[in-house]
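Below, each chain spelled out in residue letters.
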Amino acid sequence: MPLLVMKFGGTSVANLERIRNAAQKVKAEVERGYDVIVIVSAMSGKTNELVGWVNETSPLYDAREYDAVVSSGENVTAGLMALTLQEMDIPARSWQGWQVPIQTTSAHGAARFVDIPRKNLDAKFAEGFKVAVIAGFQGVSAEGRITTLGRGGSDTTAVAFAAAFGAERCDIYTDVDGIYTTDPRITSKARKLDKISFEEMLELASLGAKVLQTRSVELAMRYKVRLRVLSSFDDTNETSGTLVCDEDEIMESKVVSGVAYSREEAKLTLVTVEDRPGIAAAIFGPLSEAGVNVDMIVQNISEKDYQGHERPVTDMTFSCPVDQVARARKALETARDAGSISYEKLEVDTDAAKVSVVGIGMRSHAGVAARMFSALAQEGVNIKVIATSEIKISVLIDRKYMELAVQALHDAFDLDKAG
Ligand code: ADP
Ligand code: ASP
Ligand code: MG
């Protein structure tokens, strides 16, 4: 039997009526002759509520228990989806991660797939079941504990199942009708793309475009999964939505293809650290062990006169998600107490946001940075930190200018017009 993977995000399963609507889409594919693996998210808002409860109970929580709590939203929707399909006379069965079993690493809150054995699901399909409904976002570690894959992880569950079962396509149903040049909630000028390359989508996702989880794009690229994003609220057909595919399938050739943002960023500066070999390792080692996702890093130029200190000193600035600031502070203080680093003070700015432009055309075109910086300057947006790579340029700015910056960059690179 040909097989499809269909993933429904939080807004697409937000209540019983929407679950019925999603189930109708599954039924249509079954009637077209497909076996279907359905991946569901928790009802929208549910995971945030669960995360909130964990934080309120235990601010520096035990990550195993975090996973035990936040994975539960998907269990509810998986069961409800299976029941809804059964009510439509479609033989369906639900599976939580451990029942498959979806084996993952034991990196709680950010687990990665180790293996998805096909045996149990294959046996059910062989019995005549048409649909397997899988609770997204979760798995089980070698220690037998429930794990989760990081926020937005159901996308990755979907792509991993598509790869493991050789699905014809992996359809990600969500609340927008495809992937846009930027988040359509930020500007009405955002334009829907018919296709986008794996590489560009990978950058956009890792820079904050949460329409797909980064890891899902990585897996799709590696296993050549045909990955499509489309609306669960529209009538859809074979050509709806946006296909994420290889670069050479794409005709459009703009230098910049999209603008991404990440709203909740913090900028931390360690003032007056020793400037000696090993200092970066002594700072960022403990941060990484504490699970802090350090993003941009700037080491300032050392003062020649040592600022009155006996040995050379410098300032070290880095960014991380706002909700990791407490962990970062604790890790740095612990390292200071243990004597492995010293600093005069830690300055924390929790009002930052990151805005990035992405495009494979940047490889062969100069001048993108200049155009970006002058567009921001015209709007009076001050840049705190800059980072570049082959196909992206990111800036850290004040959060209050984030929307303005996204709109200005969208205009500056003519993204509302097809290229
Ligand atoms: P789901 O719950 O279905 O997984 P998400 O909220 O995780 O949905 O992702 C869909 C949202 O991603 C959209 O509502 C949109 O606001 C946002 N988004 C951000 N960047 C983009 C983009 N470039 N194209 C489309 N949507 C985007
Ligand atoms: N429910 C999880 C989240 O909100 C996973 C997902 O929806 O993809 O992050
Ligand atoms: Mg999502």
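Up top you'll find the structure we're talking about.
Residues numbered from 1 in each chain as written. Chains lettered and ligands numbered in written order. Predicted model: local features only at pLDDT ≥ 70, side-chain atom pairs only at ≥ 80, totals over all residues. Heavy atoms only, no water.

Right, let's get into the site of ligand 1. Ligand 1 sits among 16 residues. The nearest are Thr174, Asp175, Tyr180, Asp183 and Arg185. Between ligand 1 and Lys210 there is a distance of 3.4 Å, counted from an oxygen atom to a backbone nitrogen or oxygen. Taking 570 Å² as the accessible area of ligand 1 by itself, protein coverage stands at 90%. (Near = heavy atom within 4 Å. Polar contact = N/O pair within 3.5 Å; in protein donor to acceptor, adjacent residues only side chain to side chain. Areas by Shrake-Rupley, 256 points an atom, 1.4 Å probe, with all protein chains shown as cover.)

Another point: the sheet that holds strand E18 (residues 392-398). Backbone-to-backbone hydrogen bonds pair the strands of a sheet. The strands run either parallel or antiparallel. Across the sheet, six strands lie side by side as E14-E15-E13-E16-E18-E17; this open sheet has antiparallel pairing. A single partner strand is all that each edge strand has here, and the edge strands are strand E14 (297-299) and strand E17 (385-389). Neighbouring strand axes in the sheet, compared pairwise and without regard to direction, differ in orientation by 25° on average. As judged from the eight bridges shared by strand E13 (residues 258-274) and strand E15 (residues 313-321), these two strands associate in the antiparallel manner. Bridging from a neighbouring strand, Leu268 pairs with Phe318 of E15. Contacts from helix H9 (residues 279-289) reach E13, E14 and E15, with the element oriented near 25° to E15. Strand contacts of helix H10 (residues 325-337): E13, E15 and strand E16 (345-358), with the helix running at about 130° to E16, the strand carrying the most contacts. (Pairing = 2+ DSSP bridges. Helix = DSSP H or I, 4+ residues; strand = E, 2+ residues; numbered from the N terminus. Axes fitted to C-alpha atoms, helices over the stretch in contact; angles between N-to-C directions. Contact = heavy atoms within 4.5 Å.)

Evaluation of the coordinates by the stated rule reveals 28 salt bridges. Between Arg363 and Glu390 there is a salt bridge, and its shortest N-O distance comes to 3.5 Å. Taken as a pair, Arg363 in the loop between E16 and helix H11 (368-378) and Glu390 in the loop between E17 and E18 lie far apart in primary sequence, 27 residues in all. Residue classification places Arg363 among the partly exposed residues on the basis of a relative accessible area of 37%. (Salt bridge = Lys/Arg side-chain N within 4 Å of Asp/Glu carboxyl O. Buried < 20%, exposed > 50% of the residue type's maximum accessible area, 1.4 Å probe, protein only.)

In this chain, Val100 is followed by Pro101 through a cis amide linkage whose omega measures -15°. Inspection of the secondary structure assignment puts Pro101 in the loop between strand E3 (92-95) and strand E4 (103-104). Phi angles above zero are rare outside glycine, and Asp89 is one such case at about 65°. Positionally, Asp89 belongs in the loop between helix H4 (72-87) and E3. Residue classification places Asp89 among the exposed positions, given a relative accessible area of 73%. One non-glycine residue, Phe137, adopts positive backbone phi at about 80°. Relative to the assigned elements, Phe137 resides in the loop between strand E6 (131-135) and strand E7 (138-140).

Turning to the pairing of E16, a few remarks are in order. The pairing of E13 with E16 spans eleven bridges and is antiparallel. The residue bridging Lys267 from the neighbouring strand is Asp349, located in E16. One ladder, built from seven bridges, connects E16 with E18; its direction is antiparallel. Paired with Lys354 across the two strands is Leu396, which belongs to E18.

So, on to the nonpolar core. Ranked by size, the top nonpolar core spans 42 residues in total, and within it Ile37 and Phe161 carry the most contacts. Sort the elements by how many residues they give to this core and helix H6 (residues 154-164) lands first, with five residues. Each residue touching Ile37, except ones within four places of it in the same chain, is listed here: Leu3, Leu4, Val5, Met6, Leu121, Phe125, Ala132, Ile134, Phe161 and Phe165. Listed in part, the 25 residues of the second largest apolar core include Met6, Val26, Met81 and Ala82. (Core = buried A, V, L, I, M, F, W, Y, C linked by side-chain atoms within 4.5 Å.)

The values are spatial; any link to function lies outside them.
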